[in-house]
Amino acid sequence: MALNLRQKQTECIIRMLNLNQPLNATGTANEEVYKILIYDKFCQNILSPLIRVKDLRKHGVTLYFLIDKDRKPVHDVPAVYFVQANQSNVQRIIADASRSLYDSFHLNFSSSIPRPLLEDLASGTLSSDSIQRIAKVHDQYLEFVTLEDNLFSLAQKSSYVQLNDPSAGDREIEEIVERIVTGLFSVLATLAVVPIIRCPRGGPAEMVASALDQRLRDHLLSKNNLFTEGGSFASSFQRPILCIFDRNLELSVAVEHDFRYRPLVHDVLGLRLNRLSVQGEKGGMKSYELDSSDPFWVANGLLEFPEVAVEIEAQLNKYKKDVDEVNRRTGGNDGAEFDGTDLMGNTKHLMNAVNSLPELTERKQVIDKHTNIATVLLSEIKERSLDSYAKKENDMLIKGAIDRNELLGVLRGKGTKMDKLRFAIVYLISLESINQSEVESVEAALKESEVDTSAFQYVKKMKSLNVSMASANSASRNNIVDWAEKIYAVTAGVKNLLSSDRQLALTRTVEALMEGKPNPEIDNYLVFDPRSPKSSSGSSSHLKGPFKEAIVFMIGGGNYVEYGSLQELVQRQQPVRHVIYGTTEILTGVEFIEQLTQLGNKMGFGSSTAAPSH
């Protein structure tokens, strides 16, 4: 059965809302208990894409609050807490219990609660004589946000900056790696699978893969481990492959403009947790949800924007035609003599019409929603020439060059400061070798537009160092700058990596890893099998594939461009494969540039470079 992360995580949350009782066939507990739900901001974001208010009502949740808000006592009612395992949340729970806010406390932590915190909880409730109110404490292993069936984020902010910060010490890096491992362990525990892990050598990908391998090994030694239902008896080919990458594999994807519907909506309109707000037709803001319950979004998210506009029009015409058909069937025959048979026929048509009304109404709402979104997108595209940016950036990455006049024309033309900066950075990445005078003229054009060039300077510095892949060996991997630089040796050959339709390096690598055939691009990738004895890891033939299922994880920020590319890969493959895409956080191009800017500032390329030249 295909791995469905959204479904699995939703099932875990529903079980939690029902006080971790077994559920019956209708998906509810046998005994209905009214309860209160308390969560923190992080866990609110976990719940938001999966559970609606009506779902909470269905499972007996009558009130819900953020943990840090002042709350009044509600006696004789149990409270379900769903929070991260940290000091402030534990102290707040102790305070709530000592005030006897609720009848009983069912505590659910989003990951495993460390022993010191558990001891604090015990001693705190004991000293306030409220320990009897603590009914249960559960480690839920749900520390990730699932946005679609095959898309998740660990919601860990600024991980790219933290991992590439030249001043970061070993301890700080280890803490970040530990957080990423905890999130990935939660995903695997929710899916109840122990994958074969593959990653490139060196850098954060190897650090995370190695630490995750060790965490899984340690956990599998315990008797009641979370993976017993998967069982070690499961044959090897049924296990998925987990491919871990670092953002520096392909920096351009995080920066460039894309002209497909889903990436455009995210990048331009700020889709967050499957929701966005846009200007309505009659003024005022309209909020929309875009998730798997929206058939248009699911079917057309990978299409280029012009194709989406055509599809909206086609759906509208089909809707009008269906409405006319209903009207025609229920309108009777003009001027015809009335008889009993016609009455029977009309009644039948009328019943069919009534039954089709909800479906027609729903279709119209979806069409109106996407018409409105597309209208707002179109005005942004025209105002900023986003189509031109997307096309020229793609051409640069394929050809590795651009005409100088065309380059400067874009930088002096339409678009926001960020659009121009992103274009300039894609230009830098696409170059085989730096043309100093051309780069200087690009910097001058950016300064003319009063653009902060810290991010540009940072990428230029990295590119000029041009450290070869070999330098990122295991000995220097903790020196973050060393392995951050290795990408710029790779980007010199970007156009060779890309076919004419420019398949992303990530997608090609994942395809090769799933295929499991000898391939020079992946032959030096590391292999970890947490189920095998440590000494044999990497040698068994079953580690090579082919694999039907893959979990692809991008450290340092992912985006809808990569997600879409992997979904396209799945759609064109035979036999059917299945790929889940996850990342430390999902970033727009602007958000990623902001992280590059921070790194530029840390390396001394201050925003003073942005002052207009006189």
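Residues numbered from 1 in each chain as written. Predicted model: local features only at pLDDT ≥ 70, side-chain atom pairs only at ≥ 80, totals over all residues. Heavy atoms only, no water.

The name given to the protein in an unreviewed UniProt entry is SEC1 family transport protein SLY1-like, and the organism recorded there is Castanea mollissima. Entered under Sequence similarities (unreviewed entry) in the UniProt record, the comment concerning the protein runs "Belongs to the STXBP/unc-18/SEC1 family." (UniProt positions renumbered as here; feature names shortened; annotations may be inferred.)

Draft legend 1. Spatial organisation of the pattern of salt bridges. Per the stated rule, a full pass over the model turns up 30 salt bridges. Residues Arg-239 and Asp-529 are paired through a salt bridge, measuring 2.6 Å at the closest nitrogen-oxygen approach. With Arg-239 in the loop between helix 8 (203-220) and strand 9 (241-246) and Asp-529 in the loop between strand 12 (526-528) and strand 13 (549-555), the pair connects residues that are 290 residues apart, well separated along the chain. Of the residues examined, Arg-239 reaches a relative accessible area of 10% and is grouped as buried. For the salt bridge of Arg-508 with Glu-521, the shortest nitrogen-to-oxygen distance reads 2.2 Å. (Salt bridge = Lys/Arg side-chain N within 4 Å of Asp/Glu carboxyl O. Helix = DSSP H or I, 4+ residues; strand = E, 2+ residues; numbered from the N terminus. Buried < 20%, exposed > 50% of the residue type's maximum accessible area, 1.4 Å probe, protein only.)

Draft legend 2. Summary view of the sheet that holds strand 3 (residues 78-83). In space, the 5 strands of this open sheet follow the order 2-1-3-4-5, with parallel pairing throughout. With partners counted over all chains shown, the strands left at the sheet margins are strand 2 (61-66) and strand 5 (134-139), one partner each. With strand direction ignored, the average angle separating the axes of adjacent strands in the sheet is 15°. Where strand 1 (residues 35-39) and strand 2 come together, 5 bridges link them in parallel fashion. Of the residues in strand 2, the one forming a bridge with Ile-36 is Leu-63. (Pairing = 2+ DSSP bridges. Axes fitted to C-alpha atoms, helices over the stretch in contact; angles between N-to-C directions.)

Draft legend 3. Geometry of the side chain of Asp-267. On the secondary structure map, Asp-267 appears in helix 10 (residues 261-269). At 2.9 Å, the side chain of Asp-267 forms a polar contact with the backbone nitrogen of Gly-589. Among residues more than four places away in sequence, those in contact with Asp-267 are Arg-422, Thr-588, Gly-589 and Val-590. (Polar contact = N/O pair within 3.5 Å; in protein donor to acceptor, adjacent residues only side chain to side chain. Contact = heavy atoms within 4.5 Å.)

Draft legend 4. Quick look at the sheet that holds strand 7 (residues 151-153). Spatial strand order, 6-7-14-13-9-8-12: 7 strands in an open sheet with mixed pairing. Looking at the sheet topology across the chains shown, the edges are occupied by strand 6 (145-148) and strand 12. Strand-to-strand twist of the sheet, defined as the mean angle between neighbouring strand axes without regard to direction, takes the value 20°. Bridge count between strand 7 and strand 14 (residues 578-583): 3 bridges; the pairing is parallel. Directly across from Phe-152, in strand 14, lies its bridge partner Gly-582. Along the sheet, helix 7 (residues 170-191) contacts strand 7, strand 9, strand 13 and strand 14; its crossing angle with strand 13, the most-contacted strand, is approximately 160°. Across the sheet, helix 22 (residues 560-572) touches strand 6, strand 7, strand 13 and strand 14, and the angle it forms with strand 14 is around 170°.

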